[in-house]
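Residues per chain are reported as follows:
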Amino acid sequence: QLVDVDVLFREMKGLEHGHLNISVVSTANYFTPKLLAKFCQRHSSINITLNVANRDAVLKQVTDNTADLAVMGQPPENSDLAAEPFMKNPLVVIAPPNHPLCKLKRIKLKRLEQEIFLLREQGSGTRGAMERFFAEHGIKLHAGMEMGTNEAIKQAVQAGMGLAILSLPSIELELETGRLAVLNVEYFPIVRHWY
């Protein structure tokens, strides 16, 4: 599923030495190291600095020209930056495996209004996508706690504090170990792309 890292760094071809500052949104950190490992194997004399932050912080780094390249789920609008989609980013509804909704085959979107949702912080791309999605479908979101990392969200969902929407790659380990479950909700996954 991961793309060839050289596609992302076409402009780097022929570069023998140098430094590359890369900023990624926190959710992209679940797959970016695999991409960078391949790149570093092919271009061993290029030094890389990887900064992980939320979308607002990454956008500021790009605007301030402190990042050479950024990875995020929604590129800035009305910008002269080049943004290339390179991989799908499906967002899914997650619950603890013992949640009653886990037994249902096709959950109506409206049913989610009865649930509490744990949220990423303001400025998170995942939160923005979630809020836009619910607003477009006329669903009133009942917000629970706000948390600054995917890891905190996952732990809170496992503890039964509410449901959440996260990127599928960020929960692969928890799905394999049975600590989290993906709910079968109509209109999900929300398929976005990484840019």
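The following refers to the structure shown. All values derive from a computational prediction rather than experimental measurement.

**Looking at the sheet that holds strand β3 (residues 69-71)**
Consider a sheet: its strands pair through backbone hydrogen bonds, and that pairing is either parallel or antiparallel.
In step 1: A sheet is described by the order of its strands in space; here three strands give the open sequence β2-β1-β3, paired in parallel fashion. Single-partner strands in this sheet number two, and they are β2 (46-53) and β3. Ignoring strand direction, the axes of neighbouring strands in this sheet form an average angle of 20 degrees.
In step 2: The strands that helix α2 (residues 32-42) touches are β1 (18-25) and β2; relative to β2, the one it contacts most, it runs at about 175 degrees.

**What about the packing of aromatic side chains?**
In step 1: Summed over the entire model, instances satisfying the criterion amount to five aromatic pairs.
In step 2: On the basis of an interplanar angle of 65 degrees and a centroid distance of 5.5 Å, the ring pair of F117 and F134 is categorised as edge-to-face. Of this pair, F117 sits in strand β5 (residues 116-120) while F134 sits in helix α4 (residues 125-136); the two residues are 17 residues apart in sequence, bridging distant segments of the chain. Pair check on accessibility: F117 and F134 agree, each one buried.
In step 3: Ring-pair connections join several aromatic residues into one group, and the members of that group are F117, F133, F134 and F188.

**Here's the deal with the nonpolar core**
In step 1: Core analysis: the largest hydrophobic core is formed by 20 residues, its most contacted members being V93, L112, F117 and F134.
In step 2: Elements with a minimum of two residues in this core: β4 (87-95), β5 and α4.
In step 3: The leading source of residues in this core is α4, at four residues.
In step 4: Setting aside residues no more than four positions away along its own chain, F117 makes contact with V93, L112, M130, F134, L141, H142, A143, G144, M145, L163, A164 and I165.

**Digging into the pairing of strand β9 (residues 190-194)**
In step 1: Only one face of β9 is covered, namely the face carrying I190, R192 and W194; the face carrying V191 and H193 is uncovered.
In step 2: Bridging between β4 and β9 involves five bridges; their strand directions are antiparallel. Counted as the bridge partner of P90 is V191 from β9.

**With respect to the pattern of salt bridges**
Where side chains of opposite charge bring their charged atoms close, a pairing between them can arise.
In step 1: Going through the model one piece at a time under the given rule, you end up with nine salt bridges.
In step 2: The partner of E121 in a salt bridge is R120, with the nearest N and O atoms 2.9 Å apart. Comparing E121 with R120, the two get one shared label, buried.
In step 3: Connected via shared salt-bridge partners are R127, E131 and E146.

**Comments concerning unusual backbone geometry**
In step 1: That bond from F188 to P189 is cis: its omega, 5 degrees, falls within 30 degrees of zero.
In step 2: In this structure, P189 sits in the loop between β8 (181-182) and β9.
In step 3: Here the phi dihedral of N65 falls at roughly 65 degrees; this positive angle occurs in a residue that is not glycine.

Conventions and cut-offs
- Residues numbered from 1 in each chain as written.
- Predicted model: local features only at pLDDT ≥ 70, side-chain atom pairs only at ≥ 80, totals over all residues.
- Heavy atoms only, no water.
- Pairing = 2+ DSSP bridges.
- Helix = DSSP H or I, 4+ residues; strand = E, 2+ residues; numbered from the N terminus.
- Axes fitted to C-alpha atoms, helices over the stretch in contact; angles between N-to-C directions.
- Contact = heavy atoms within 4.5 Å.
- Phe/Tyr/Trp six-rings, centres within 6.5 Å; stacked < 30°, edge-to-face > 60°.
- Buried < 20%, exposed > 50% of the residue type's maximum accessible area, 1.4 Å probe, protein only.
- Core = buried A, V, L, I, M, F, W, Y, C linked by side-chain atoms within 4.5 Å.
- Salt bridge = Lys/Arg side-chain N within 4 Å of Asp/Glu carboxyl O.

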